[in-house]
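Here is what each chain is made of, one letter per residue.
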Amino acid sequence: MFKGTSCKIVFFLSVVTIVFLFYKNAFAVPSFARQTGLSCYTCHTVFPELTPAGRAFKLEGYVMSKSSKLFEFPPPLAAFATVSFTHVDDKLPAGSIEDEWSNRRMSSGNDVLNIPQEASIFYGGRVIDHFGAFIQGTFDGTSNTFHLDMTDLRYANTTTLNGKNFVYGITINNSPTVQDVWNSTPSWGFPFESSDIAPTPAASTIIDGTLDQQVGGIGLYAFWNDLLYAEMSLYHTTKNSIAHVLGMGTDNDTIVDNLAPYWRVFLQEKWEKHVLSVGTYGIYARIFPEGKDSGSTDKFTDIAFDLQYQYLGKKNILSAESTWIHEKQRWNSSHDLGNTENGSDSLDTFKINLNYNYKAQFGHLGGSVAYFSTTGDSDDLLYAPEDIDGSRNGSPDSNGFIIEAHYLPIDRIKCTAQYTFYTKFNGSRSNYDGSGRDASDNNTIFLAISLLL
């Protein structure tokens, strides 16, 4: 499986050790801890998974603070960087990865070192009074570009309704589900780190990352009695619109016509050390075919259900997340253009993961096991044969498992070792692309160290 990569892995681990030794005495802290004076583990189990306190901090507008001043000074800034090593089981074709100063393809053709894979700066906290923000600007080492990443601006307030606590607010954001407080929805879902180099299945629903930074939206939300949450948001393309600022640095290649409504509802129950959430979310969007921004559109309806469970013990933390997304695709425009064989298709995504973390004296250590599956209607034009990314039989079906181990020697450094293996890729187990590549050829070893300062 390793095919001579052991020396490169040893080299990567040496880099990890050097970085850890350099940063272990650093005094910088993440913005939440700086603003509130609380530990990072008050807000997170393991970044970015939120605890009940972290969810409350976000829902209430990022404004909780140890200071009673109207403004936060110094501002609650933080930085994040990931250095990674990727090994794909079989060689990737020449030209599929472009060497950059931060993205070095090694001589074997299937090993890539990213220094960094990404680097971000965050504003995460109160701006003024009831208004706060989470704003992320990211350098992408794979493409050598900088863009406005996950962004969520909030106004929030708290009152009582029928004698029960009632939180209400407004969110302005640039990725459907980035405003969500649970890690069972796409933006903050598992895997929390992954390779930007390794091949990934061709098919995905639009709510599962396709619209990230492609749209900007505004929504109203309310959370009653720590029990019931409801939200309605409207999104618009960031290209040539008032939402343009929310897509800065991102190539706008998915253009939404007019407004796309998004909804979210969940029920939460807390007892002793346990927390359970069950919910639904979805979006309806009319999208122009690639290369067009006028005329007829294709229509997408995504309906999803999700759940998350947490056990928050003194030493042991257990969590489980799952989501199922059903997408109905109506190719009103693409079919007429000859881009799809069918007039309509459907796509289903299912994900489930189990995480365990142990708080030891020498740091936090743990791991995750996950299963993922995408199934849908076969379409020989939509999923055509192509090296690596195509489908020999026109099927979008892909599934597999992720096994991960991670270690946090301190709360601002996370070391990750992850293995992804596929049992089916783009419709087949063997020769899935029509050029002789098997699903197992895309199995990936991913090693990373992430610094949160």
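Predicted, not measured: the structure shown is a model, and the values here were computed from it.

### Comments concerning the pattern of salt bridges
Item 1. This structure, assessed with the given rule, holds six salt bridges.
Item 2. Note that Arg264 is salt-bridged to Asp180, the shortest N-O span being 2.6 Å. One end of the pair, Arg264, is in strand 9 (residues 260-271); the other, Asp180, is in the loop between strand 6 (164-173) and helix 5 (206-210), with 84 residues separating them in the sequence. In terms of burial, Arg264 and Asp180 fall into one category: buried.
Item 3. Salt-bridge contacts for Lys414 lead to Glu193; the nearest nitrogen and oxygen are separated by 3.3 Å.

### Regarding the pairing of strand 13 (residues 344-360)
As a general feature of sheets, a regular strand has side chains that alternate between the two faces.
Item 1. The pairing of strand 12 (residues 316-330) with strand 13 spans 15 bridges and is classified as antiparallel. Bridging from a neighbouring strand, Ile325 pairs with Thr349 of strand 13.
Item 2. With 14 bridges connecting them, strand 13 and strand 14 (residues 363-376) associate as antiparallel partners. Paired with Asn355 across the strands is Ser368, a residue of strand 14.
Item 3. Here strand 13 folds back onto strand 14, and the loop between the two strands holds two residues.

### Digging into unusual backbone geometry
Item 1. Of the consecutive residues Phe47 and Pro48, the connecting peptide bond is found in the cis state with omega at 5 degrees.
Item 2. Its place among the elements puts Pro48 in the loop between helix 3 (40-43) and helix 4 (52-59).
Item 3. The backbone phi angle of Asn240 is positive, close to 55 degrees, even though this residue is not glycine.
Item 4. Position of Asn240 among the secondary structure elements: in the loop between strand 8 (228-237) and strand 9.
Item 5. On the accessibility criterion, Asn240 (70% relative accessible area) is exposed.
Item 6. For Asn258, which is not a glycine, the phi torsion comes out positive at approximately 60 degrees.
Item 7. Tracing the backbone shows Asn258 in the loop between strand 8 and strand 9.

Reading the values: rules and limits
Residues numbered from 1 in each chain as written. Predicted model: local features only at pLDDT ≥ 70, side-chain atom pairs only at ≥ 80, totals over all residues. Heavy atoms only, no water. Salt bridge = Lys/Arg side-chain N within 4 Å of Asp/Glu carboxyl O. Helix = DSSP H or I, 4+ residues; strand = E, 2+ residues; numbered from the N terminus. Buried < 20%, exposed > 50% of the residue type's maximum accessible area, 1.4 Å probe, protein only. Pairing = 2+ DSSP bridges.

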